[in-house]
Amino acid sequence: QKAQCQCLDYHDRRWESYETLFQPPPACLSIPPLCTKVVLYSVPVIPRKEAKVMLEQVDQASLSQPLTLRVMEVGLAGQVVELLDAEGISINELLAKVLVVAEDKIPLTTPSIPVTPDISFSPVQPPNYSMVTSYVPLPLNTCLPAIILHVESPTQLFVCHAAHWEDLNRFQAHLQSVAANMDQGTTVQPVVGQLVMIRSEQDNLWYRGTVIKLHKFKAKIYCPDYGFVEKIPVSSILPLGDSDVRRAYWASHCTLVDWGEGMQEATMIEVERVKQMLPVTKQVELQVMEVDGVKFIIDIKGIARFERK
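Student: Quick question: what am I supposed to make of the sheet that holds strand β15 (residues 295-300) here?
Tutor: Strands pair in a sheet through their backbones, by hydrogen bonds, and they do so in one of two ways: parallel or antiparallel. Reading around the barrel, the five strands line up as β6-β7-β13-β15-β14 and close back on themselves, with mixed pairing between neighbours. Between one strand axis and the next, the sheet turns through 55° on average, direction left out of account. As paired strands, strand β13 (residues 252-256) and β15 are joined by three bridges and run parallel to one another. Residue pairing across strands places Leu256 opposite Ile298, the latter belonging to β15.

Below, the structure written as structure tokens:
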């Protein structure tokens, strides 16, 4: 029998047998955690395995020197900070240059939008994908009802707090009305990174979507309010108003705790089982165990990889 333990003084999670677990002395309980987790402002959130390879390009001396921490804001995952060296050079910018997100994956940061002649788009920048404050919040360490929006696997599922479900539905109805009342012949020439309004070929409804790839007359779109990725014709894209561009994203990217970092990858059987148990629009009871960047590590009542006693 083993238990999964989150270390407080190191960023590590371990599986330990019951016989190695002990109640700490009372004096230890009053000592705050020595490892403070922060979010690096404007630095893309990339899986650890990929990031380790990319970070080999960085001069380690620049990371081991004393740094100044500047708090930019406070989000659900903790303080959002910028690190500066003794000369005032931003370490965040240094890391952001080498941590590159592949263009055919779900965007984890808001890509810069190039200004190109004869291309019409809103000058308003959408919320940054790498900032947890860009999403409709999920409270930490609290049991709450949530609605399943989309499931790809136990590590790639998207939910919305049930308290905001009706708000999402009203926003979707608003988008349908905007599209229906838009002048016929309105078109947009999309660019990668642009947040637009797209018509899904799955249900013929309109959604917000970020362009993550363009190829001839097709666009690959990520829907930040539901979590799905879809290829659509460029003709199914309309411009999005500034107020709608600024809105927070509804879909929270989640990973089930039994399939989290350090655990064996999900098998095809496990993927299909989780999909069947978590159909779209199902309401579930979940608890947010941890926030890793913009990804929520969650435990859903009734969904487990191992038998729990």
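Student: I keep staring at the confidence of the model for the protein and nothing clicks. Help me out?
Tutor: The predicted coordinates ought not to be read in detail in places where the model reports low pLDDT. For the protein, per-residue confidence averages 82 on the pLDDT scale, and residues scoring 70 or more make up 87% of the total. For the protein, per-element mean pLDDT is lowest for helix α1 (residues 26-29), which scores 68, and highest for strand β7 (residues 156-161), which scores 96. Every residue in residues 108-122 scores below 50 in pLDDT, and together they form 37 contacts with partners more than four places removed in sequence or on other chains.

Student: What exactly am I supposed to notice about the pattern of salt bridges here?
Tutor: Side chains that differ in sign of charge can pair as their charged atoms come close. Following the criterion strictly, the structure yields five salt bridges and no others. Ionic pairing is found between Glu16 and Arg14, a salt bridge with its closest N-O pair at 2.8 Å. For Glu16, a relative accessible area of 23% corresponds to the partly exposed category. Measuring nitrogen to oxygen at the nearest pair gives 3.7 Å for the salt bridge that ties Asp244 to Arg247.

Student: What am I meant to see in the pairing of strand β10 (residues 218-222) here?
Tutor: On any regular strand, side chains alternate: one points to one face of the sheet, the next to the other face. Sheet analysis places strand β9 (residues 206-215) next to β10, joined by five bridges and oriented antiparallel. Its bridge partner being in β10, His215 is matched across the sheet by Lys218. Taking the residues between adjacent antiparallel strands as the criterion, β9 and β10 are bridged by two residues, where Lys216 takes a positive phi near 55°. Linking two consecutive strands that pair antiparallel, namely β10 and strand β11 (residues 229-233), is a turn of six residues; a positive phi of about 100° is found at Gly227 within it.

Student: What's the story with the nonpolar core in this structure? I'm lost.
Tutor: Nonpolar side chains tend to gather and get buried jointly when the protein is soluble and globular. In terms of nonpolar packing, the biggest core is built from 57 residues, with Leu278, Leu286 and Ile298 touching the most fellow members. No other element matches the six residues that strand β6 (residues 143-153) contributes to this core. Beyond its immediate chain neighbours, meaning those up to four positions away, Leu286 contacts Thr142, Cys143, Leu144, Ala146, Val159, Ile298, Asp299 and Ile300. Residues Ala51, Val81, Leu83 and Leu95 belong to the second largest nonpolar core, which totals 11 residues.

Student: How should the environment of Arg208 be read in this particular structure?
Tutor: Tracing the backbone shows Arg208 in strand β9. In sequence terms Arg208 and Tyr222 are 14 residues apart; their C-alpha atoms lie 8.5 Å from each other. At 3.1 Å, the side chain of Arg208 forms a polar contact with the backbone oxygen of Arg247. Side-chain polar atoms of Arg208 contact the backbone oxygen of Ala248, separated by 2.9 Å.

Student: Could you clarify how one ought to interpret unusual backbone geometry in this entry?
Tutor: Negative phi is the rule for most residues except glycine; trans is the rule for most peptide bonds. Despite not being glycine, Asn204 has its phi angle at roughly 65°, a positive value. Looking at the secondary structure, you find Asn204 in the loop between β8 (195-199) and β9. The exposed category is assigned to Asn204, whose relative accessible area is 52%.

Rules and cut-offs
Residues numbered from 1 in each chain as written. Predicted model: local features only at pLDDT ≥ 70, side-chain atom pairs only at ≥ 80, totals over all residues. Heavy atoms only, no water. Pairing = 2+ DSSP bridges. Helix = DSSP H or I, 4+ residues; strand = E, 2+ residues; numbered from the N terminus. Axes fitted to C-alpha atoms, helices over the stretch in contact; angles between N-to-C directions. pLDDT = per-residue confidence, 0-100. Contact = heavy atoms within 4.5 Å. Salt bridge = Lys/Arg side-chain N within 4 Å of Asp/Glu carboxyl O. Buried < 20%, exposed > 50% of the residue type's maximum accessible area, 1.4 Å probe, protein only. Core = buried A, V, L, I, M, F, W, Y, C linked by side-chain atoms within 4.5 Å. Polar contact = N/O pair within 3.5 Å; in protein donor to acceptor, adjacent residues only side chain to side chain.

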